[in-house]
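# Residue-level structural notes
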Amino acid sequence: MAAKRLTGADADNSARRGPHLLALSYLTLFVVMIAGAAAVTFLGDPHAGDPIVNLELAKAPALRRPAPPSRSAAELRGEQGAQMGASVPAPGKITQKLYAGRALVADPSLIENAPQGPLPRIAEDGSTPLRAYAAGFVDDGRPRIAIVISGLGISAKATAAALQGLPAGVTLAVAPYGADAQRWVNEARAQGHEVLLEVPMEPYDFPDSDPGPYTLRSGVDEEVNAERLAWALTRFTGYVGVTNLLGDRFLADPDSLEPALVFLARRGLMFFDNGAASHSAAADVAARAGVAFAQADTTIDTIQTAMEIDRRLSALEEAARAHGAAAGSGFIYPITIDRVSRWADSLSSRGFVLAPASAIVAQPKPP
């Protein structure tokens, strides 16, 4: 077939379309290249495997739940004690009387220099640590109220705040796990406070709540508990007796508790049950063991609000008015220190006297 001949007009139009088609082809190729580059940039190179994407996720804020009072006490005293107890040194051998200001904190006649450290004892003349280290108190016939604040000796900041904020009539309980325990005892005694030793005792939720490596345990051999008790008793000097650090299980077990209280009685010390254990057998066991004994009527800061603490302090006044004496226990929470201090300021005007723990003990009956 013969080819169709182009007229002049057709040739001219074909010449004009050639450059336009070429430009359009280049433009299309350019767009495709740009699109491909964009795809690689945003979607990754399909020949290089799966794309790697690093995402920084903001951390969710930690939930802050207030711990119950027993757990908070365990955190400051028991759990820290479990880590540091084995390294707490005992004071050196006591060869002369030692004073903190005018207050006696060590007397060789009242100390057995045992291998563990200075162990309290009854002197040959019958003097006891309970009487020798007691804070001065004059019974003027007014109803007596004792407040025992525990938890001193582990946190330096909290201990210093307690010493600064609490009146001298408040009894202070010092844990055996602090390396500076003797220094805090000396400061407390110099300011007029009476001192108790907190002895770690087994709680029901042990070991979730762990009062430390020298905890008195239910059901263990009597000699084991005696060794642990002796360790605690030899960490510092100048205290009138012992109170419990946790211990609701141990205090509810008369068979385990009685040997410990007999040990304290033979050393001339008192036992103060802080009242936190709901099924404590301490009162009955103390009577059989012949140990000087007192028990808190209430824990004043189980609920840590000013209104509740004030309400429980008022309840102590009612108990003291009815029975002549009452006792409350608390922990070194800042709110506790503040409310006790405010309450004590006007206590005398209401007809009561703030008394040390030794002033409200039930003395053991002579054999």
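Residues numbered from 1 in each chain as written. Predicted model: local features only at pLDDT ≥ 70, side-chain atom pairs only at ≥ 80, totals over all residues. Heavy atoms only, no water.

So, about unusual backbone geometry. Of note, the amide linkage connecting Phe 206 to Pro 207 takes the cis form, showing an omega dihedral of 5°. Take Pro 207: it is sitting in the loop between strand S7 (195–201) and helix H6 (222–233). You will see that Leu 246, though not glycine, has its phi angle at about 60°, which is positive. In this fold, Leu 246 is placed in strand S8 (residues 241–246). (Helix = DSSP H or I, 4+ residues; strand = E, 2+ residues; numbered from the N terminus.)

A word on helix H8 (residues 254–266). One turn of an α-helix holds 3.6 residues; hence residues three or four places apart share an orientation. Look at H8: 18 Å from first C-alpha to last across 13 residues, which is about the 18 Å you get at 1.5 Å a residue. Considered for burial, the residues of H8 that qualify are Ser 256, Leu 257, Ala 260, Leu 261, Leu 264 and Ala 265. Viewed along the axis of H8, the buried residues span an arc of 165°, placing them on a single side of the element. Residues Asp 255 and Arg 266 are exposed on H8 and point more than 90 degrees away from its buried face. Summarising the contacts, the buried residues of H8 are in contact with H6, S8, helix H7 (248–251), strand S9 (270–273) and helix H9 (282–289). (Expected span 1.5 Å × (residues − 1). Buried < 20%, exposed > 50% of the residue type's maximum accessible area, 1.4 Å probe, protein only. Arc of directions from axis to C-beta. Contact = heavy atoms within 4.5 Å.)

All right, on to the packing of aromatic side chains then. Counted under the stated rule, the structure contains five aromatic pairs. Geometrically, the ring pair formed by Tyr 177 and Trp 231 is tilted, given 5.7 Å between the ring centres and 40° between the ring planes. On the criterion of sequence distance, the pair formed by Tyr 177 in the loop between strand S6 (171–174) and helix H5 (181–190) and Trp 231 in helix H6 is long-range, its members being 54 residues apart. With a relative accessible area of 0%, Tyr 177 lands in the buried category. (Phe/Tyr/Trp six-rings, centres within 6.5 Å; stacked < 30°, edge-to-face > 60°.)

This next bit is on helix H10 (residues 306–323). End to end, H10 covers 26 Å across 18 residues, agreeing with the expected 26 Å (1.5 Å per residue, within 8%). The complete set of buried residues in H10 reads Glu 308, Ile 309, Arg 312, Leu 313, Leu 316, Glu 317, Ala 319 and Ala 320. The inward-facing, buried residues of H10 abut strand S5 (144–152), strand S11 (298–299), strand S12 (325–331) and helix H11 (334–345). Phi turns positive, to about 90°, at Gly 324, one or two residues after H10.

All right, on to the side chain of Glu 202 then. For Glu 202, the position within the fold is in the loop between S7 and H6. Residue class for Glu 202 comes out buried when judged on its relative accessible area of 5%. At 2.8 Å, the side chain of Glu 202 forms a polar contact with the backbone nitrogen of Ser 218. Once you skip the residues sitting within four places of it in the chain, Glu 202 turns out to touch Thr 215, Leu 216, Arg 217, Ser 218, Gly 247, Asp 248, Arg 249 and Phe 250. (Polar contact = N/O pair within 3.5 Å; in protein donor to acceptor, adjacent residues only side chain to side chain.)

Below, the discussion takes up the packing of H10 against H11. It is the contact of H10 with H11, at a shortest axis distance of 10 Å, that shows an interaxial angle of 45°. With respect to H11, the element H10 is oriented oblique. Once H10 is placed against H11, the crossing between them reads as right-handed. On H11, the residues touching Ala 306, Ile 309, Asp 310, Leu 313 and Glu 317 of H10 are Ile 335, Thr 336, Arg 339, Val 340 and Trp 343. Looking at the contact of H10 with H11 residue by residue, the classes come out as six nonpolar, one polar and three charged. (Axes fitted to C-alpha atoms, helices over the stretch in contact; angles between N-to-C directions. Parallel < 35°, antiparallel > 145°, perpendicular 65-115°, else oblique. Left-handed = near helix turned anticlockwise from the far one by under 90°. Nonpolar A, V, L, I, M, F, W, Y, C, P; charged D, E, K, R; others polar.)

Now for the confidence of the model for the protein. Summarising the model, the protein shows a mean pLDDT of 84, and 75% of its residues fall at 70 or more. Contacts for the low-pLDDT stretch residues 1–19, under 50 throughout, to residues beyond four places or in other chains number one contact. Here residues 36–72 is modelled with pLDDT under 50, and outside its nearest four sequence neighbours on either side it reaches 16 contacts, counting other chains as well. (pLDDT = per-residue confidence, 0-100.)

This part covers the packing of H6 against H8. Viewed as axis vectors pointing N to C, H6 and H8 meet at an angle of 45°, and their least axial separation amounts to 10 Å. One element, H6, and the other, H8, form an angle in the oblique class. In the crossing of H6 with H8, the sense of the turn from one axis to the other is right-handed. Between H6 and H8, the residues in contact are Glu 222, Leu 229, Ala 230 and Leu 233 and Pro 259, Ala 260, Phe 263 and Leu 264, respectively. Of the residues in the contact of H6 with H8, the class split is seven nonpolar, no polar and one charged.

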